[in-house]
Amino acid sequence: MHIFRFVAAVAVLLLPLYPAQPVRAKSAMVVTREAHATDVGVAALKAGGNAVDAAVAVGFALAVTHPSAGNIGGGGFMLVRFADGRKTFLDFREMAPAKASRDMYLDASGNPTKDSVIGWRASGVPGTVRGLETAHKKYGKLAWSKLVTPAADLAKNGFPLSYGTALSLKSARNLAASPESKRIFQTNAQKNGDFFEPGDLLKQPELAKVLERIAKHGAEDFYSGETAKKLVSQMAANGGTITLEDLAHYKTVERTPLEGKYRGFDIITAPPPSSGGIGILQMLAMLEKTDFAASGAGSAKSIHFMAEAMRRYYADRAEFMGDPDFYKVPVSKLLNPKYVDARRATIDADHATSSDEVRPGDINGKESTETTHYSIVDAEGNAVAVTYTLNGGYGSGVTVPGLGFLLNNEMDDFSVKPGAPNMYGAIGGEANSIVAGKRPLSSMTPSIVLKDGKPFLIVGTPGGTRIITSVFEVIVNVLDFHMNVQDAVNAPRFHHQWKPDKLLLEPGISPDTRLLLSQQGHSIETVNAICEVAAIQFEADGWLAGASDSRVDGKAAGY
Ligand code: GLY
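Quantities reported herein were computed from a predicted structural model and do not represent experimental measurements.

Asker: Honestly, the overall build of the protein chain in this entry has me stumped. Any pointers?
Answerer: The helix and strand tally for the protein chain stands at 19 helices and 19 strands. For a compact globule of 559 residues, the expected C-alpha radius of gyration is about 24 Å, and the protein chain comes in at 23 Å, within 12% of that figure. Its C-alpha atoms put the protein chain at 70 × 65 × 50 Å along the principal axes. Long-range pairs, those at least 24 residues apart, make up 72% of the contacts in the protein chain with a sequence separation of at least 6. Accessible surface, the protein chain: about 20500 Å² in total, of which carbon and sulfur atoms supply 56%. Within the protein chain, one finds 58 positive and 59 negative side-chain charges whose respective centroids are separated by 2 Å.

Asker: Mind showing me how you'd approach the packing of helix α13 (residues 276–288) against helix α16 (residues 337–345) here?
Answerer: In a pair of packed helices, the angle between the axes and the distance between the axes together describe the arrangement. For the pair α13 and α16, interaxial distance at closest approach is 9 Å and the crossing angle is 65°. For the pair α13 and α16, the sense of crossing is right-handed. Between α13 and α16, the contacting residues are Q282, A285 and M286 on the first element and Y339, V340, R343 and R344 on the second.

Asker: Where do I start with the sheet that holds strand β10 (residues 372–377) in this structure?
Answerer: Each strand in a sheet pairs with its neighbour through backbone hydrogen bonds, running either in the same direction (parallel) or in the opposite one (antiparallel). As summarised here, the arrangement of the seven strands in space is β7-β4-β3-β11-β10-β2-β19, forming an open sheet in which the pairing is antiparallel. Each of the sheet's edge strands pairs with one partner strand only, and the pair in question is β7 (253–255) and β19 (555–558). The mean inter-strand angle of the sheet, taken between neighbouring strand axes irrespective of direction, is 15°. Sheet topology places β10 next to strand β11 (residues 383–389); six bridges connect them, and they run antiparallel. Looking at β11, one finds that T372 is bridged to Y388.

Asker: For this particular structure, what's the right way to read the side chain of S116?
Answerer: Relative to the elements of secondary structure, S116 occurs in the loop between β4 (87–92) and α4 (128–139). Within the local environment of S116, its side chain forms a polar contact with the side chain of D412, the two groups lying 2.6 Å apart. With near-sequence residues (within four places) excluded, S116 lies in contact with Y105, A122, N409, M411, D412 and V416.

Asker: Where do I start with the nonpolar core in this structure?
Answerer: Generally speaking, a soluble globular protein has its nonpolar side chains buried in company with each other. If you look at the biggest cluster of nonpolar residues, it comprises 80 residues, and the most contacted ones within it are F60, I72, M78 and L211. For this core, the leading source of residues is helix α3 (residues 51–65), giving twelve residues. Filtering out sequence-adjacent residues up to four positions away, F60 remains in contact with I72, V129, L132, W144, L147, V148, A151, L211 and I214. The next biggest cluster of nonpolar side chains, apart from the first, holds 78 residues, and it includes I267, I303, A385 and V533.

Asker: Quick question: what am I supposed to make of helix α6 (residues 163–171) here?
Answerer: Considered for burial, the residues of α6 that qualify are T165, A166 and L169. Looking straight down α6, one finds that the buried residues subtend no more than 100° of arc, so they occupy a single side. The exposed set on the far side of α6, more than 90 degrees from its buried face, consists of Y163 and S171. Buried residues along α6 sit against α3, α7 (173–176), α8 (179–185) and β6 (201–202).

Reading the values: the criteria
- Residues numbered from 1 in each chain as written.
- Predicted model: local features only at pLDDT ≥ 70, side-chain atom pairs only at ≥ 80, totals over all residues.
- Heavy atoms only, no water.
- Helix = DSSP H or I, 4+ residues; strand = E, 2+ residues; numbered from the N terminus.
- Rg over C-alpha atoms; globule rule 2.2 N^0.38 Å.
- Contact = heavy atoms within 4.5 Å.
- Areas by Shrake-Rupley, 256 points an atom, 1.4 Å probe, with all protein chains shown as cover.
- Lys, Arg positive; Asp, Glu negative; His and termini not counted.
- Charge placed at Lys NZ, Arg CZ, Asp CG, Glu CD.
- Axes fitted to C-alpha atoms, helices over the stretch in contact; angles between N-to-C directions.
- Left-handed = near helix turned anticlockwise from the far one by under 90°.
- Pairing = 2+ DSSP bridges.
- Polar contact = N/O pair within 3.5 Å; in protein donor to acceptor, adjacent residues only side chain to side chain.
- Core = buried A, V, L, I, M, F, W, Y, C linked by side-chain atoms within 4.5 Å.
- Buried < 20%, exposed > 50% of the residue type's maximum accessible area, 1.4 Å probe, protein only.
- Arc of directions from axis to C-beta.

In structure tokens:
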């Protein structure tokens, strides 16, 4: 008996301290929202590619296997931290076409129409193909065609749909509104035209041809070649605004990442036109001189303090943020320690501040919760975080006939009518008004945390305005609450964005905590599944830990 007790006790000691375990690997790791795309990324690494190569291959693969957000018809951001310490941020966000103008989505009475959300006029000039090509040309190692062909093959041969993707395709109303989208994504010809079910093969022959041309001719096909010409002729025929000149003028912008420190860790994150990096750094700085973490993760006290930091950041967000090439974003003022100290000083430890008492600002109801994020690290220690998007789920709902890819509705991320809510309830300021050639403000926040100058955490997520608070919470869960990365990602999340004055809580937050928070004056609303984080942690013993969010059917894999 004694020996059994002894063995049991040792076994308990050896068991992991946390209930959820990440996927562990020694050399390299890929975490994406969809299993086939993860496999494509791992294959690129095993073929001798670096993390940038894998990121390019995954970007194309997700355009096939995760059609609600993976894309070639949208845009995004890639943050890279190279093993030798260099860092870069590739901005391939969509641009407003030359024909775009401030009031283009207002009707005769000055009210916003639905045209920024659905249909041909909703799209900004797509940046993804150019962005992935720029990344590859500057930083990749493998042949370009090797990175695009796996995606083309998935489109041509089809892939079995996961439960989640099949359900999502079935329920997307914007797909149903476009005949070409309905035909491709909601009509299974093998099954008398019924919806696709989990396990059914989704084949996309038109998209396969586009990807084969991109594999052969590079981004030139998309921006001035056959694909460009076909896209523009469909645009013209359907009242869209994008022209051949718009496509020819599209450029990736390489920006300097935003950097800051938190409790001795270095945070590398997204600069404008993302509003997210400023948010992460400002909110962490508000926490830094406090003992908010002492009461523990998920406690009313820590949630209250973090929610108050969120409230204050979001009050600044729309007033001061937009495309830095068109509007001078006061980054250093918003992150100035004196300014942050003053913001922190207004937090009452026991009571919620009414959002009406927090100035400045104007904004932000709710944005689309689609978009997708993936995190990659290679055997050399290069770390890549990519967040890219069509904006809403399946973007504008429009699939270009003959080309098989969906177009974004990113024009809705501009303030369609400065001061008035858009389709998602977002109200924006002049900083984010529509101007030809401008990029809309984003919440996408791919981020990399360093410890002692070495990569420690790669993190990002889709989720509209909730991206910023979710990345913030995962960083705090790892750095302050010492969770392993899977627990940090799975932990119940919460979100406050100043206006509306509501504290959103996932169901996993306990009834006692809810009661305490509402007694402090928070107006509580329960929401399911805030965001879908994909993160990688570099553990102290040299292992890589990959965490795909338990809220979705993504995949972490490595070797
Ligand atoms: N369209 C989502 C974002 O850029 O934040």
